[in-house]
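Understanding the architecture of this molecule
Each chain, written out:
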Amino acid sequence: MQPVERPGGGLAGESPFRRLATLIAGIEPGKPPIDLSIGEPRHAMPDFVAGTLAGHTAEFSRYPPILGTEEFRTTVAGWLDRRYHLGEAVDPERHITILAGSREGLFSAAITARDRSAERIRTTNARPAILLPNPFYHAYAAAAHTLELEPVFIEAGPETGYLPDPDKLAPDLLDRLVAAYVASPVAPQGTVASADFWTAMIGLARKHGFMLFADECYSEIYRETPPPGALQAANDLGGDFANLMVFNSLSKRSNLAGLRCGFAAGDPGFLAEWTRLRNMSAPQVPLPLQAVGAAAYGFEAHVIDNRQLYNEKFNAAAEILQGRFGAATPDGGFFLWLDMEAVGGGEEAALRLWREAGIRTVPGGYLAGTLADGTNPGARYLRLALVEKRSRVEEALHRLVELFG
């Protein structure tokens, strides 16, 4: 495991989308553009959104509670039970908070994790650290940078499903961890953590005293089998979800990226400390938006329809690509992660796809950190977000095959 290089003068570096904009600036696309770069769902919003907003418009005049309304938290608790068979283990009053999208929570939770770990890590005489996947969601790295924590990349490849091997995490590293970020389904590769994996990671978090932040924002975008959840594993272990916070949102499951509404659930002691900070600093979710969020978590039919649309696009992609560029249908998420080493790597492929085929994609190296030895595990790859309607995704993939063979 190696620390992140400080690209662009800061640990978190620059947004991959700003880097992409710089890469293709001034280049006219060779064909009508198709944007597969950003993971922003383009499927239709649920039918109930407009009516729910209209029915709660007057509530824009009120300050929202930082934890969320009772209706929102109770609905989320019900969804968690239905999805993960938790029974009454989740108490809406103690275990759940609303978030203004999962990103703000994934960032600010690290502050409380650092404060909570300060005395424990001080006794080790070592620098506090935070464990990151690589590629990573840039909010994780931004938290490490802001808090001056040492970022440590997980050395993980296809043999471990791009997840850490709990048996290979060194005790001296675990002792100085503030938190570990783990996503399932993994983005962008789309692999899924098993229940045994979550059990092992929760055990390590409790033994060594760090927080496990489970990013499950793609949990409802899967091919066949629902991904196991970290809360489910923690509930089986007992301990009132100690050392675990799970993050989710409506952006992917309900096509409501602009709603900025999600939740975190887990360790009640951590949540109480985190709420003291969030009461002073976190963005609040307006009450009408919370009403939409409650409606979305209480209604599953649109999620099933949404998932089917993605699965149809992955079936089409498999037929068009026929395994080219290492293409494989992932267990979860909506990204294709293509190996473009034969055509010069992800950056060169992204540049040519825009210039010659009008396809906007993200080089994998922009989503990953360069290691101390100068290598970047994402450099050879290209990420395609299958968010457009099926006909446009098919057109984009046919152009890609025509260009690169």
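Quantities reported herein were computed from a predicted structural model and do not represent experimental measurements.

**Regarding the sheet that holds strand β9 (residues 335–339)**
One open sheet accounts for three strands, arranged β9-β12-β11; its pairing is antiparallel. The open sheet has two edge strands with one neighbour each: β9 and β11 (362–363). Pairing of β11 with strand β12 (residues 381–385) involves two bridges; the strand directions are antiparallel. Across the sheet, Val 362 pairs through a bridge with Arg 383, a residue of β12. Running over the sheet, helix α13 (residues 346–357) touches β11 and β12 and is turned about 50° from β12.

**Notes on helix α1 (residues 16–24)**
If you check which residues of α1 are buried, you get Pro 16, Leu 20 and Ile 24. All buried residues of α1 fall inside an arc of 60° around its axis, so they share one side. Along α1, the residues that are exposed and aim more than 90 degrees away from the buried face are Arg 18 and Thr 22. Gly 26 occupies a position one or two residues after α1 and carries a positive phi of about 80°.

**What to know about the packing of aromatic side chains**
Enumeration over the complete set of coordinates arrives at 21 aromatic pairs. Taken together, a centroid distance of 6.2 Å and an interplanar angle of 75° make the contact between Trp 79 and Phe 263 edge-to-face. Of this pair, Trp 79 sits in helix α3 (residues 70–84) while Phe 263 sits in strand β8 (residues 262–266), and the two are 184 residues apart along the sequence. By the burial criterion, Trp 79 is buried, and Phe 263 matches it. Centre to centre, the rings of Phe 263 and Tyr 297 are 5.5 Å apart; their planes meet at 75°, and the pair counts as edge-to-face. Taken together, the residues Phe 263 in strand β8 and Tyr 297 in helix α11 (residues 287–297) connect sequence positions 34 residues apart. For Tyr 297, a relative accessible area of 0% corresponds to the buried category. The rings of Tyr 137, Tyr 140, Tyr 181, Phe 213, Phe 247, Phe 270 and Trp 274 are connected pair by pair, giving a single aromatic cluster. Over the ring of Trp 274 we find Arg 278, and its NZ or CZ is 5.4 Å from the ring centre. Taking the ring centre of Trp 354 as reference, the NZ or CZ of Arg 360 above it sits at 5.8 Å.

**So, the side chain of Arg 176**
Note that Arg 176 resides in the loop between α6 (171–174) and β5 (177–183). A distance of 2.8 Å separates the side chain of Arg 176 from the backbone oxygen of Arg 127, its partner in a polar contact. Leave out the neighbours within four places in its chain, and Arg 176 touches Arg 120, Ile 121, Thr 124, Ala 126, Arg 127, Pro 128, Ala 129 and Glu 150.

**Some words on unusual backbone geometry**
The peptide bond linking Asn 134 to Pro 135 adopts the cis configuration, its omega dihedral lying at 10°. Across the junction of Ala 187 and Pro 188, the peptide omega takes the value 15°, indicating a cis bond. Positive phi, normally seen in glycine, also occurs at Asn 255, with a value near 60°. Structurally, the position occupied by Asn 255 is in the loop between α9 (250–253) and β8.

**Observations concerning α3**
Helical periodicity: at 3.6 residues per turn, an α-helix aligns residues three or four positions apart in one direction. Between its first and last C-alpha atoms α3 spans 21 Å; for 15 residues at 1.5 Å apiece the expected length is 21 Å, and the two agree. Residues of α3 that are buried include every one of Phe 72, Arg 73, Thr 75, Val 76, Ala 77, Trp 79, Leu 80, Arg 83 and Tyr 84, and no others. His 85 occupies a position one or two residues after α3 and carries a positive phi of about 55°.

**A word on the confidence of the model for the chain**
Here the chain shows a mean pLDDT of 95. Residues at 70 or above account for 97%. Under a pLDDT of 50 for its full length, residues 3–11 has, in the predicted model, 23 contacts with residues more than four places off or in other chains.

**Some thoughts on the side chain of Asn 255**
Judged by its relative accessible area of 10%, Asn 255 falls in the buried class. Polar side-chain contacts of Asn 255 include one of 3.2 Å to the backbone oxygen of Ala 44. Not counting the four nearest positions on each side in its chain, Asn 255 is found in contact with Pro 41, His 43, Ala 44, Met 45, Leu 250, Asn 306 and Tyr 310.

**Observations concerning the nonpolar core**
Taken as a class, soluble globular proteins show a tendency for nonpolar side chains to be buried jointly. Among the nonpolar cores identified, the biggest contains 53 residues, and Leu 80, Leu 131, Trp 198, Leu 212, Leu 231, Leu 244 and Phe 263 are the most heavily contacted of them. Counting 30 residues, the second-largest nonpolar core is a separate cluster that includes Ala 109, Ala 141, Ala 179 and Tyr 181.

**A short note on the UniProt feature "domain: Aminotransferase class I/classII large" (unreviewed entry) in the chain**
When the UniProt feature table is mapped to this numbering, "domain: Aminotransferase class I/classII large" (unreviewed entry) covers residues 33–398. Overall, residues 33–398 shows 41% helix and 14% strand. The separation of its end C-alpha atoms is 14 Å.

**Some points on the pattern of salt bridges**
A side chain of one charge can pair with a side chain of the opposite charge when the charged atoms of the two come close. Applying the stated rule across the entire model yields 21 salt bridges. In this structure, Glu 388 engages Arg 392 in a salt bridge whose closest nitrogen and oxygen atoms are separated by 3.5 Å. On the basis of relative accessibility, which here comes to 13%, the residue Glu 388 falls in the buried class. The class of Arg 392 is partly exposed, set by a relative accessible area of 29%. Members of the salt-bridge network, linked through shared partners, are Glu 40, Arg 42, Glu 388 and Arg 392.

**Details of the pairing of β8**
A regular strand places its side chains so that they alternate between the two faces of the sheet. Most of β8 sits out of view: five of its five residues are buried. Residues Gly 262, Ala 264 and Gly 266 line one face of β8 and the alternating positions Phe 263 and Ala 265 line the opposite face, and both faces are buried. Judged from the four bridges that link them, strand β2 (residues 96–99) and β8 form a sheet pairing that is antiparallel. Across the sheet, residue Thr 97 finds its bridge partner in β8, namely Ala 264.

Quick notes on the rules
Residues numbered from 1 in each chain as written. Predicted model: local features only at pLDDT ≥ 70, side-chain atom pairs only at ≥ 80, totals over all residues. Heavy atoms only, no water. Pairing = 2+ DSSP bridges. Helix = DSSP H or I, 4+ residues; strand = E, 2+ residues; numbered from the N terminus. Contact = heavy atoms within 4.5 Å. Axes fitted to C-alpha atoms, helices over the stretch in contact; angles between N-to-C directions. Buried < 20%, exposed > 50% of the residue type's maximum accessible area, 1.4 Å probe, protein only. Arc of directions from axis to C-beta. Phe/Tyr/Trp six-rings, centres within 6.5 Å; stacked < 30°, edge-to-face > 60°. Lys NZ or Arg CZ within 6 Å of the ring centre and 35° of its normal. Polar contact = N/O pair within 3.5 Å; in protein donor to acceptor, adjacent residues only side chain to side chain. Expected span 1.5 Å × (residues − 1). pLDDT = per-residue confidence, 0-100. Core = buried A, V, L, I, M, F, W, Y, C linked by side-chain atoms within 4.5 Å. UniProt positions renumbered as here; feature names shortened; annotations may be inferred. Salt bridge = Lys/Arg side-chain N within 4 Å of Asp/Glu carboxyl O.

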